[in-house]
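# An overview of the molecular structure
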Amino acid sequence: MAHPAQHEHHGHDHGGHHERGGHREYQAHAGHHQAHGDGGTGWRTAAQATLHCLTGCAIGEILGMVLGTAFGLHNGATVVLSILLAFVFGYALTMRGVLKAGLDVGAAVKVALAADTVSILVMELIDNTVMVAVPGAMDAGLGDLLFWVALAGSLALAFVLTVPVNRWMIGRGRGHAVVHAHHRH
């Protein structure tokens, strides 16, 4: 990886931190953030991780719902398309960041799978359940306000309910913590 041997972060030396990059180093880094009030595995960190995940999921989810609706696909096919695209875009955003950090494609795929799978699964379960449960939302056209309100509400609810999941995972060195071990400050 292309990390400098030493760098400053909040006035502390993290020399060699990223060369070893792993669970133990992440925990030490998380402890460093706790000392500065960030909480390491606090709500702010979890919310940032969830927002990152939501960005990719939302792109795929919205694109899938729009394409399924525009092409008149059956509701089940639209949901499947949305879920597939949410995973594709969710993983792609994570891979983009870790590839920039110097990982090869194989390693980037592994990091994306480890970092985002649970978060995307939870989000997709929630937002697709909402879309199916809201009467008429899946049958509404793209010009119908019901479609867009239900979709926006489903994504907002998915965010709120996934933050605690990500907080729990990060606190155990999983989920976004895997990405954190490979990012640059």
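Residues numbered from 1 in each chain as written. Predicted model: local features only at pLDDT ≥ 70, side-chain atom pairs only at ≥ 80, totals over all residues. Heavy atoms only, no water.

### Concerning the nonpolar core
Generally speaking, nonpolar side chains in soluble globular proteins are found buried as a group. Filter applied, for reference: For our purposes a nonpolar core is just a set of buried Ala, Val, Leu, Ile, Met, Phe, Trp, Tyr and Cys residues, chained together by side-chain atoms within 4.5 Å. Per-residue accessibility, obtained with a 1.4 Å probe over protein chains only, is compared with the maximum for each type, and a residue is labelled buried under 20%, exposed over 50%, and partly exposed between these values. Note on contacts: a residue pair is in contact if any heavy atoms of the two residues lie within 4.5 Å.
Formed by 27 residues in total, the largest nonpolar core has its most connected members in Cys 57, Met 65, Ile 120, Met 123, Met 131, Phe 147 and Leu 151. Setting aside chain neighbours within four positions, we find Ile 120 in contact with Cys 53, Cys 57, Ala 86, Phe 87, Gly 90 and Tyr 91.

### Topic: the packing of aromatic side chains
We apply this condition: The pairing test for Phe, Tyr and Trp rings, Trp by its six-membered ring, is centres within 6.5 Å, and the orientation test on the planes gives stacked under 30 degrees, edge-to-face over 60, and tilted for anything in between. Where helices and strands are cited, they refer to DSSP runs of H or I of at least four residues and of E of at least two residues respectively, numbered from the N terminus.
This structure, assessed with the given rule, holds two aromatic pairs. Ring plane angle 55° and centroid distance 5.6 Å describe the contact between Phe 87 and Tyr 91, whose orientation is recorded as tilted. Pair noted here: Phe 87 and Tyr 91 are both in helix H4 (residues 75-100), with a separation of four residues, about one helical turn. Taken as a pair, Phe 87 and Tyr 91 share a single burial class, namely buried. Residues Phe 147 and Trp 148 carry aromatic rings whose centres are separated by 4.9 Å and whose planes lie at 90° to one another, so their mutual orientation is edge-to-face. On the basis of relative accessible area, Trp 148 is assigned to the partly exposed category, the value being 35%.

### Looking at the packing of helix H3 (residues 43-70) against helix H5 (residues 105-133)
Threshold: In this analysis, axes come from line fits to C-alpha atoms, helices being fitted only over the stretch in contact, and the angle between any two N-to-C directions falls in the range 0 to 180 degrees. To sort the angles, those under 35 degrees are grouped as roughly parallel, those over 145 as roughly antiparallel, those from 65 to 115 as roughly perpendicular, and the leftovers as oblique. Each crossing gets its handedness from the near helix: less than a right angle anticlockwise from the far helix is left-handed, clockwise is right-handed. Ten residues, namely Ala, Val, Leu, Ile, Met, Phe, Trp, Tyr, Cys and Pro, are considered nonpolar, four, namely Asp, Glu, Lys and Arg, are considered charged, and the remaining ones, Gly among them, are considered polar.
For the pair H3 and H5, the least separation of the axes is 10 Å and the interaxial angle reads 45°. With respect to their mutual orientation, H3 and H5 come out oblique. Like other packed secondary-structure pairs, H3 and H5 cross with a definite hand, here right-handed. Along its contact with H3, which presents Thr 50, Cys 53, Leu 54, Cys 57, Glu 61 and Met 65, the element H5 presents Ser 119, Ile 120, Met 123, Glu 124, Asp 127, Asn 128 and Met 131. Class assignment of the residues belonging to the contact of H3 with H5 gives a composition of seven nonpolar, three polar and three charged.

### A few points about the environment of Val 132
Of note, Val 132 is situated in helix H5. Its relative accessible area of 56% is what places Val 132 among the exposed residues. Each C-alpha atom of the pair Val 132 and Val 79 lies 8.7 Å from the other, and the pair is 53 residues apart in sequence. Sequence-distant contacts of Val 132, defined by excluding residues within four places in its chain, comprise Val 79 and Met 138.

### Considering the confidence of the model for the protein
Threshold: Note on scores: pLDDT gives the predictor's confidence for each residue, bounded by 0 and 100.
Per-residue confidence for the protein gives a mean pLDDT of 77; residues scoring 70 or more make up 71%. In the model, residues 1-40 has pLDDT below 50 throughout and makes 68 contacts with residues more than four positions away in sequence or in other chains.

### Details of the side chain of Thr 162
Tracing the backbone through its elements, the reader meets Thr 162 in helix H6 (residues 145-171). The exposure class assigned to Thr 162 is buried, which follows from its relative accessible area of 0%. Those residues within four positions of Thr 162 in sequence are excluded, and the remaining contacts are Thr 50, Ser 119, Val 122, Met 123 and Ile 126.

### Concerning the state of the cysteines
Selection criterion: Two cysteine sulfurs form what is called a disulfide whenever their separation falls within 2.5 Å.
Across all of its chains, the model carries zero disulfides by this definition. The thiol of Cys 53 is unpaired, and the distance to the nearest cysteine sulfur, on Cys 57, comes to 4.0 Å. Look at Cys 53 and you get buried, because its relative accessible area is 3%.

### A word on H4
Where we set the bar: By this rule, a helix spans an expected 1.5 Å times one less than how many residues it contains.
Between its first and last C-alpha, H4 extends 38 Å over 26 residues, near the 38 Å set by a 1.5 Å rise per residue. The set of residues buried in H4 consists of Thr 78, Val 79, Ser 82, Leu 85, Ala 86, Phe 87, Gly 90, Tyr 91, Thr 94, Met 95 and Val 98. Just past H4, the residue Gly 102 takes up positive phi, approximately 110°.

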